[in-house]
Amino acid sequence: MLELTVRTKAGQTIPVSLSGSVMAAEDPRFQGCIFVARNITERKRAERRIRYLARYDTLTKIPNRLQFQHSLQQAIARTRRAGRELALIYMDLDRFKEVNDTFGHAAGDRALEILTERMSRKLPPDTMLGRLAGDEFALFIENLPAETDNRPVIAALVRQMLDELGRPFQLGQHELYVTGSVGIALCPRDAENVVDLIRDADAAMYYSKQNGGNSHSFFTPEMSVVAVERLMLKSKLRRAVERDELVILYQPKVDLRDGRVVGAEALIRWRLPGHGDISPAQFIPLAEESNLIQEIGEWVLKRVCRDYGAWQQQVPKPGRISINQSLKQLRQAEFLTRYRSVFDESGVAPSNFELEITETTLMTEAGRMVRLLDELHAMGLHLSIDDFGTGYSSLSALQQFPVGTLKIDQSFVRHATVSREDATLVRTIIEMGKNLDLEVVAEGIESQQQLDFLRSRNCHYGQGRLFGEPMTATDFLQLLLAQVRGEIERGEFEWRIDLEDVHLNVEKRLTDLVGDAGKRLHTGRSRNDQVALDFRLYVRD
């Protein structure tokens, strides 16, 4: 069979396949050859389509991973022969999965088309842009001078791309903002082959993402170690629940008005043999990436319910326990069903627990969150806004949620005694909470000065290392039992009063400070009269 192109009388070229066979017959008139020409235009079009699909992304019309790596390999060979330098730029869109989950994959596809067009407009000539995975892109710049530092030029180009990428765009009735995290590796400085160069650029990209995204980083050898460690942790995390490596610790929550322990926050820790305790800041993002967060979240709830049931056998009212929830957990289709099932199985009332949700999470999908939190609230769960003050949301927007508690972020509490701005912010949050009949909890109290400041502003509750390190369920039970037995002196406060007038009635001054709570005041005078007198107050019901 022979394939060739024929031209019609009209000048049109048509691909044809030509086949022939010999005609054998006794009669010479019927001897010879017969040829059949078939129009194979459709087949040729299909073959071109197959080759295109094998090399190019059908959505964005740019090279796919296979074609990009093939072109990168050729560019590396040219770079080495010419003694020049090549830059590989690897980019991952920040939190793009939220676009797909919120608006649907059709909207996500349209967003990718828009973003690809934007990136292409900022590229220098002869620069290849490819789509390596769902929301991962890469490009390389070759023929860079080897004798100079090209990083400032590359950084400027990447910054232009990120700025172009970050401009808002309209998607249906919604205005969206998408940012990216970029990693950059250089050839031959960092690696001399395709696999290692992509690996290094990918490690640098993850470094940018861990630093908040919308930024770029150049590869350093230390990043490779971090990337390997990250992959190792992700692999071991899958077996952590089975091997009982996860533990729950409880951070006591204290009533700042009388010193009573009124509950705790449940904190998860991963005790990996040979590595010690792994911080939640390290493994929770890995759990979200690998879709293990639902399994771990359900394990946490079951363990906390089990501990609470054991406490109730010895302490009638152990207080309210707070449990953190991530956006990934709240988005799970079976979230409510699983929670109801755990409470039914444990026999512990949901009213004994409080779900902590960050301000940023609440505002990500406000409409859906209102409906979800209404259902959780109807179950009897208390709801708290965690890290309040860090999400830049408006008060009017937050009022639509059925929350009962505001938690002041520890970064504000930490500097409240030294920063006028943070002190003002903390005071405003406390006053706002009171005006809205919300409980206010200050996180991260570590010093007596911070405690004094919060008490002077009548903050309701607090937690932090000043009241004790996070503890096991057994130790927290012992703390509750000691409080029930009266072994912990309730409301034992230390005050220091500056005397501006030697004729000041000290007892009246103290009564003015704390006596308006309607409680009995006992005072004791210090052994010496100086400019300041120390008093220990015992405020009892």
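Note that the coordinates shown come from a computational prediction; the quantities given were computed from them, not determined experimentally. (Residues numbered from 1 in each chain as written. Predicted model: local features only at pLDDT ≥ 70, side-chain atom pairs only at ≥ 80, totals over all residues. Heavy atoms only, no water.)

Novice: What am I meant to see in the pattern of salt bridges here?
Specialist: For side chains bearing opposite charge, pairing can occur when the charged atoms are close. Going through the model one piece at a time under the given rule, you end up with 32 salt bridges. Close ionic contact of R199 with D196 constitutes a salt bridge, the shortest N to O distance being 3.3 Å. With R199 and D196 both in helix α6 (residues 194-210) and 3 residues apart, the pair spans about one turn of that helix. Given the relative accessible area of 25%, D196 is considered partly exposed. R260 is the salt-bridge partner of D258, the closest N and O atoms lying 2.9 Å from each other. For D258, a relative accessible area of 8% corresponds to the buried category. Salt bridges sharing common partners tie together D255, R257, D258 and R260. (Salt bridge = Lys/Arg side-chain N within 4 Å of Asp/Glu carboxyl O. Helix = DSSP H or I, 4+ residues; strand = E, 2+ residues; numbered from the N terminus. Buried < 20%, exposed > 50% of the residue type's maximum accessible area, 1.4 Å probe, protein only.)

Novice: It is not clear to me how the sheet that holds strand β6 (residues 136-144) should be interpreted in this structure. Could you clarify?
Specialist: The strands making up a sheet are joined through hydrogen bonds of the backbone, oriented either antiparallel or parallel. Reading across from one edge, β5-β6-β4-β9-β10 is the order of the 5 strands in this open sheet, with mixed pairing throughout. The open sheet terminates on both sides in strands that have one partner only, identified here as β5 (128-131) and β10 (215-218). Going from strand to strand, the sheet's axes swing by 20° on average, the running direction of each strand aside. Of the pairings in the sheet, the one linking strand β4 (residues 85-93) to β6 comprises 7 bridges and is antiparallel in character. Within β6, the position partnered with D92 by the bridge is E136. Contacts from helix α4 (residues 105-121) reach β4, β5 and β6 within the one sheet, and its direction differs from that of β5 by about 160°. The strands touched by α6 are β4, β9 (180-187) and β10; relative to β9, the strand with the most contacts, the crossing angle is about 145°. (Pairing = 2+ DSSP bridges. Axes fitted to C-alpha atoms, helices over the stretch in contact; angles between N-to-C directions. Contact = heavy atoms within 4.5 Å.)

Novice: How do you make sense of the side chain of D258 when you look at a structure like this?
Specialist: Here D258 lies in the loop between β11 (246-255) and β12 (261-272). Among the polar contacts made by the side chain of D258, one reaches the side chain of R260 at a distance of 2.9 Å. (Polar contact = N/O pair within 3.5 Å; in protein donor to acceptor, adjacent residues only side chain to side chain.)

Novice: Explanation requested: the sheet that holds strand β3 (residues 32-39) in the structure shown.
Specialist: If you walk across this open sheet you meet the 3 strands as β1-β2-β3, and the pairing is antiparallel. Edge strands, defined here as strands with exactly one partner in the open sheet, are β1 (2-7) and β3. Averaged over all pairs of adjacent strands, the angle between strand axes in this sheet comes to 40°, irrespective of strand direction. Across 8 bridges, strand β2 (residues 13-23) lies against β3 in antiparallel orientation. What sits directly across from M23, in β3, is G32. Relative to the sheet, helix α1 (residues 41-55) contacts β1, β2 and β3, its axis offset from that of β2 by approximately 120°.

Novice: Would you mind going over unusual backbone geometry with me for this structure?
Specialist: Negative phi values dominate among residues other than glycine, just as trans dominates among peptide bonds. Cis peptide bonds are those with omega within 30 degrees of zero, and the linkage from C187 to P188 qualifies with 10°. Along the chain, P188 turns up in the loop between β9 and α6. Positive phi values are uncommon outside glycine, yet N214 reaches one of about 50°. Here N214 lies in the loop between α6 and β10. The phi torsion at N458 lies on the positive side, around 60°, for a residue other than glycine. Inspection of the secondary structure assignment puts N458 in the loop between α17 (448-456) and β19 (461-462).

Novice: Quick question: what am I supposed to make of the pairing of β9 here?
Specialist: Where a strand is regular, its side chains alternate between the two sheet faces. Most of β9 is tucked away: 8 of the 8 residues are buried. Burial along β9 is two-sided: the residues G180, V182, I184 and L186 and S181, G183, A185 and C187 are all buried. Two elements, β4 and β9, share 8 bridges in a ladder whose sense is antiparallel. Within the sheet, the bridge partner assigned to L88 lies in β9 and is A185. Here β9 runs beside β10; their pairing, made up of 4 bridges, is parallel. From the neighbouring strand, G183 faces β10, where its bridge partner is S217. For the handedness criterion, the β-α-β arrangement of β9, α6 and β10 is classed as left-handed. (Right-handed = clockwise from strand over helix to strand, strands pointing away.)

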